[in-house]
Amino acid sequence: MQELKPQAVKSKLKRPKRFQVLLLNDDHTTMEFVVAVLMQFFAKNEEAANAIMIKIHVDGEGVCGTYSHDIAQTKVTQVTDFSRNNEQPLVCVLRELSD
(Lines give C-alpha, C1' and ligand atoms only; values in the text may rest on other atoms or scores of the structure.)
Protein backbone atom coordinates (compact mmCIF):
# COMPACT_ATOMS: atom_id res chain seq x y z
CA MET A 1 0.00 0.00 0.00
CA GLN A 2 1.35 3.41 -0.97
CA GLU A 3 1.77 5.97 1.80
CA LEU A 4 0.10 9.33 1.18
CA LYS A 5 2.18 12.33 2.10
CA PRO A 6 0.36 15.50 3.06
CA GLN A 7 1.25 18.39 0.84
CA ALA A 8 1.43 21.93 2.03
CA VAL A 9 -1.25 23.87 0.24
CA LYS A 10 -1.08 27.59 0.35
CA SER A 11 -4.46 29.00 -0.33
CA LYS A 12 -4.68 32.57 -1.44
CA LEU A 13 -7.98 33.54 0.01
CA LYS A 14 -8.75 37.19 -0.29
CA ARG A 15 -10.58 39.01 2.40
CA PRO A 16 -13.95 40.14 1.14
CA LYS A 17 -14.17 43.81 0.28
CA ARG A 18 -15.84 45.98 2.87
CA PHE A 19 -18.22 48.85 2.22
CA GLN A 20 -19.28 51.79 4.34
CA VAL A 21 -22.92 52.80 4.32
CA LEU A 22 -23.26 56.58 4.54
CA LEU A 23 -26.10 59.02 4.94
CA LEU A 24 -25.72 62.35 3.16
CA ASN A 25 -26.90 65.71 4.45
CA ASP A 26 -29.74 67.57 2.80
CA ASP A 27 -31.81 70.61 3.70
CA HIS A 28 -35.16 68.83 3.93
CA THR A 29 -34.87 65.59 5.91
CA THR A 30 -35.60 66.16 9.58
CA MET A 31 -32.99 65.37 12.20
CA GLU A 32 -35.55 63.23 14.02
CA PHE A 33 -36.08 61.13 10.89
CA VAL A 34 -32.32 60.57 10.50
CA VAL A 35 -32.06 59.44 14.13
CA ALA A 36 -35.01 57.08 13.64
CA VAL A 37 -33.36 55.57 10.51
CA LEU A 38 -30.08 55.05 12.35
CA MET A 39 -31.85 53.33 15.23
CA GLN A 40 -34.13 51.19 13.06
CA PHE A 41 -31.78 50.07 10.27
CA PHE A 42 -28.35 50.26 11.91
CA ALA A 43 -29.19 49.22 15.50
CA LYS A 44 -27.76 52.41 16.97
CA ASN A 45 -28.83 53.55 20.41
CA GLU A 46 -30.21 57.06 20.72
CA GLU A 47 -26.91 58.57 21.84
CA ALA A 48 -24.92 57.04 18.96
CA ALA A 49 -27.67 57.94 16.46
CA ASN A 50 -27.63 61.57 17.61
CA ALA A 51 -23.84 61.73 17.32
CA ILE A 52 -23.93 60.38 13.76
CA MET A 53 -26.79 62.74 12.86
CA ILE A 54 -24.74 65.73 14.07
CA LYS A 55 -21.73 64.51 12.05
CA ILE A 56 -23.95 64.28 8.95
CA HIS A 57 -25.23 67.80 9.57
CA VAL A 58 -21.75 69.28 10.14
CA ASP A 59 -19.60 67.28 7.69
CA GLY A 60 -22.18 66.55 4.99
CA GLU A 61 -22.02 62.78 5.49
CA GLY A 62 -21.81 60.19 8.23
CA VAL A 63 -20.86 56.53 8.36
CA CYS A 64 -23.65 54.28 9.60
CA GLY A 65 -21.70 51.03 9.46
CA THR A 66 -19.28 48.85 7.51
CA TYR A 67 -20.50 45.67 5.85
CA SER A 68 -19.93 43.17 3.06
CA HIS A 69 -21.23 44.34 -0.32
CA ASP A 70 -24.52 42.41 -0.19
CA ILE A 71 -25.44 43.63 3.28
CA ALA A 72 -24.37 47.21 2.52
CA GLN A 73 -26.45 47.27 -0.68
CA THR A 74 -29.45 45.85 1.19
CA LYS A 75 -29.14 48.57 3.86
CA VAL A 76 -28.97 51.28 1.18
CA THR A 77 -32.09 49.90 -0.52
CA GLN A 78 -34.00 49.56 2.76
CA VAL A 79 -33.17 53.10 3.90
CA THR A 80 -33.95 54.61 0.48
CA ASP A 81 -37.29 52.80 0.24
CA PHE A 82 -38.23 53.75 3.81
CA SER A 83 -37.29 57.39 3.17
CA ARG A 84 -39.32 57.64 -0.03
CA ASN A 85 -42.31 55.93 1.61
CA ASN A 86 -42.14 58.62 4.29
CA GLU A 87 -41.71 61.43 1.73
CA GLN A 88 -38.16 62.21 2.88
CA PRO A 89 -35.32 62.91 0.40
CA LEU A 90 -32.65 61.27 2.58
CA VAL A 91 -29.79 59.88 0.46
CA CYS A 92 -28.02 56.69 1.51
CA VAL A 93 -24.96 55.47 -0.41
CA LEU A 94 -22.19 52.93 -0.07
CA ARG A 95 -18.47 53.51 -0.41
CA GLU A 96 -15.87 50.80 -0.97
CA LEU A 97 -13.06 50.77 1.54
CA SER A 98 -9.56 50.48 0.12
CA ASP A 99 -7.50 47.46 1.14
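Use the structure listed above.
Residues numbered from 1 in each chain as written. Predicted model: local features only at pLDDT ≥ 70, side-chain atom pairs only at ≥ 80, totals over all residues. Heavy atoms only, no water.

## Side note on the environment of Ala 43
Then comes step 1: Note on placement: Ala 43 falls in the loop between helix H1 (31-42) and helix H2 (46-59).
Then comes step 2: The class for Ala 43 is exposed, based on a relative accessible area of 72%.
Then comes step 3: Taking the C-alpha atoms as reference, Ala 43 lies 9.8 Å from Gly 65; in sequence the two are 22 residues apart. (Helix = DSSP H or I, 4+ residues; strand = E, 2+ residues; numbered from the N terminus. Buried < 20%, exposed > 50% of the residue type's maximum accessible area, 1.4 Å probe, protein only.)

## Considerations on the packing of H1 against helix H3 (residues 69-85)
Then comes step 1: Relative orientation of the contacting elements H1 and H3 amounts to 140 degrees, with a least axis distance of 11 Å. Taken together, H1 and H3 sit at an angle that is classed as oblique. Handedness of the crossing formed by H1 with H3: right-handed. Packed against H1, whose contacting residues are Phe 33, Val 37, Gln 40, Phe 41 and Phe 42, the element H3 presents Lys 75, Gln 78, Val 79, Phe 82 and Ser 83 at the interface. (Axes fitted to C-alpha atoms, helices over the stretch in contact; angles between N-to-C directions. Parallel < 35°, antiparallel > 145°, perpendicular 65-115°, else oblique. Left-handed = near helix turned anticlockwise from the far one by under 90°. Contact = heavy atoms within 4.5 Å.)

## Observations concerning the sheet that holds strand E1 (residues 19-24)
Then comes step 1: Here we have 3 strands laid out as an open sheet, ordered E2-E1-E3, and antiparallel in their pairing. A strand with exactly one partner marks an edge of an open sheet, and here the two such strands are strand E2 (61-67) and strand E3 (91-96). Taken over all neighbouring pairs, the strand axes of this sheet differ in orientation by 30 degrees on average, direction set aside.
Then comes step 2: Strand direction decides the pairing type here: E1 and E3, joined by 6 bridges, are antiparallel. Each bridged residue has a counterpart across the sheet, and for Gln 20 the counterpart in E3 is Arg 95.
Then comes step 3: The strands touched by H1 are E1 and E2; relative to E1, the strand with the most contacts, the crossing angle is about 155 degrees. (Pairing = 2+ DSSP bridges.)

## What about the packing of H1 against H2?
Then comes step 1: Between H1 and H2, whose axes approach to 9 Å, the crossing angle comes to 130 degrees. Looking at the two axes, H1 sits oblique to H2. In this structure, the crossing between H1 and H2 has a hand that is right-handed. Contacts between H1 and H2 involve Met 31, Val 34, Val 35, Leu 38 and Met 39 on the former and, on the latter, Glu 46, Ala 49, Asn 50, Ile 52, Met 53, Ile 56 and His 57.

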